[in-house]
Amino acid sequence: MSLTGKTIAIIGGKTGLLGQALCRTFSQAGAHPLALSSADCDILNPKSVERILNRKDPDILINAAAYTQVDQAEDEAEKAFALNATAPPLLAALAAQRSIPFVHYSTDFVFRGDKTAPYTEYDPTTPFSVYGISKADGERGLLKLGYEHTLIIRISWLFGPDRMNFVEKILTLCDTHDSLTVVDDQFGSPSYAPDIASGTLNLLKKQATGVFHLANSGQTSWHGLASMAATLADKKCTVTPVPSSDYPTKAVRPHYSVLDLSKYTRTTGLTPRLWEDALKDYIHNQLHLGTDTV
Ligand SMILES: NC(=O)c1ccc[n+]([C@@H]2O[C@H](COP(=O)([O-])OP(=O)(O)OC[C@H]3O[C@@H](n4cnc5c(N)ncnc54)[C@H](OP(=O)(O)O)[C@@H]3O)[C@@H](O)[C@H]2O)c1
């Protein structure tokens, strides 16, 4: 399917980390992204979404909005479930009424983390944080609805331009600290937002539906990601590995949530670039930090 000239409604497109990357990528591909904020349409109020869809008549509806504060969700379960579990099937139903594709994002935190090999789309979801449970419920609600043009893309450890994220936080802390400690016993797949956006485009071109895993290739720990970021940005700060037990958080995170990307590769014929290459691109070309900058 060609996306040239198509109108793509992107909820979360005005302020979200992924939403803004989607808008840029779709625009560069010749489509017309319609960036939507919660003021334009509130996913907790389907009538407001319906009004926008009636007015703009998009060809595709993308939901890049969510409750994403993983620790805060432990105290705000009701809000997390409303946004992550209740809203997505209502959005998919609106897309179904109009016979347009619906794209939704989920997370590696739907997995418990007790595997030692990458998680595939066929592994059962067994989350234990409120955030993870709410996202898994959202997925289940969408699949139960049975709308054939729904695409659910699970991503992980998102970083990129336009919104504060783990990498930028680490680099900012490096400016005011001689040393930092970062956990080295949680492993995952970093995902560069512009790469997730182009991966989404590739899946839509193939008219993919169902559940897909998408991230950059390779895996690392939070410490591995932080220390590589500090090195690439030429920061003088020492990044020391520590176990998760030294850094207790409200929400328990999986120790291992690397995503298997082979279904994406089989479907599109493409392999996402390594997370190290994406990180380098981000730090040198977006943040303009490090030795490669002129
Ligand atoms: N960040 C990660 O590390 C990560 C990892 C795995 C999966 N994911 C998933 O990837 C997707 C995108 O995450 P992200 O990090 O890009 O999110 P984000 O930067 O936190 O942005 C969330 C967006 O949700 C919108 N939103 C919140 N409440 C809304 C409402 N009631 N109605 C409409 N929009 C609302 C916000 O828009 P306003 O500012 O206009 O309110 C904001 O743009 C989510 O599904 C998330 O679960 C993220």
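Residues numbered from 1 in each chain as written. Predicted model: local features only at pLDDT ≥ 70, side-chain atom pairs only at ≥ 80, totals over all residues. Heavy atoms only, no water.

Let us now look at the packing of helix α5 (residues 166-174) against helix α9 (residues 275-286). Two quantities define a packed helix pair, namely the angle between the helix axes and the distance between the axes. Orientation of α5 relative to α9, taken along the N-to-C sense of each, is 55°, at an axis distance of 12 Å. Put simply, α5 runs oblique to α9. As α5 runs across α9, the sense of the crossing is right-handed. Seen from α5, the contacting residues are Val167, Glu168 and Leu171; seen from α9, they are Leu279, Tyr282 and Ile283. (Axes fitted to C-alpha atoms, helices over the stretch in contact; angles between N-to-C directions. Helix = DSSP H or I, 4+ residues; strand = E, 2+ residues; numbered from the N terminus. Parallel < 35°, antiparallel > 145°, perpendicular 65-115°, else oblique. Left-handed = near helix turned anticlockwise from the far one by under 90°. Contact = heavy atoms within 4.5 Å.)

Turning our attention to the packing of aromatic side chains. On inspection of all chains with the given rule, the structure shows eight aromatic pairs. The interplanar angle of 85° and the centroid separation of 6.2 Å between the aromatic rings of Phe109 and Tyr131 together place this pair among those described as edge-to-face. Here Phe109, found in the loop between β4 (102-107) and α4 (130-145), pairs with Tyr131, found in helix α4; they are 22 residues apart in sequence, far enough to count as distant. By relative accessible area, Phe109 is classed as buried at 10%. Judged by relative accessible area, Tyr131 falls into the buried class, the value being 9%. A ring pair is formed by Tyr119 and Tyr256, whose centres lie 6.5 Å apart and whose planes are at 40°; its orientation type is tilted. One end of the pair, Tyr119, is in the loop between β4 and α4; the other, Tyr256, is in the loop between β12 (238-242) and α8 (262-268), and 137 residues separate them in sequence. Neither Tyr119 nor Tyr256 differs from the other in exposure class; each is buried. Three or more aromatic residues joined by ring pairs form one cluster here, namely Phe111, Tyr119 and Tyr256. The lysine or arginine in question, Lys115, covers the ring of Tyr119, its NZ or CZ lying 5.2 Å from the ring centre. The ring of Phe212 has Lys263 lying over it, and the distance from NZ or CZ to the ring centre is 4.2 Å. (Phe/Tyr/Trp six-rings, centres within 6.5 Å; stacked < 30°, edge-to-face > 60°. Buried < 20%, exposed > 50% of the residue type's maximum accessible area, 1.4 Å probe, protein only. Lys NZ or Arg CZ within 6 Å of the ring centre and 35° of its normal.)

Honestly, it's all geometry; don't read function into it.
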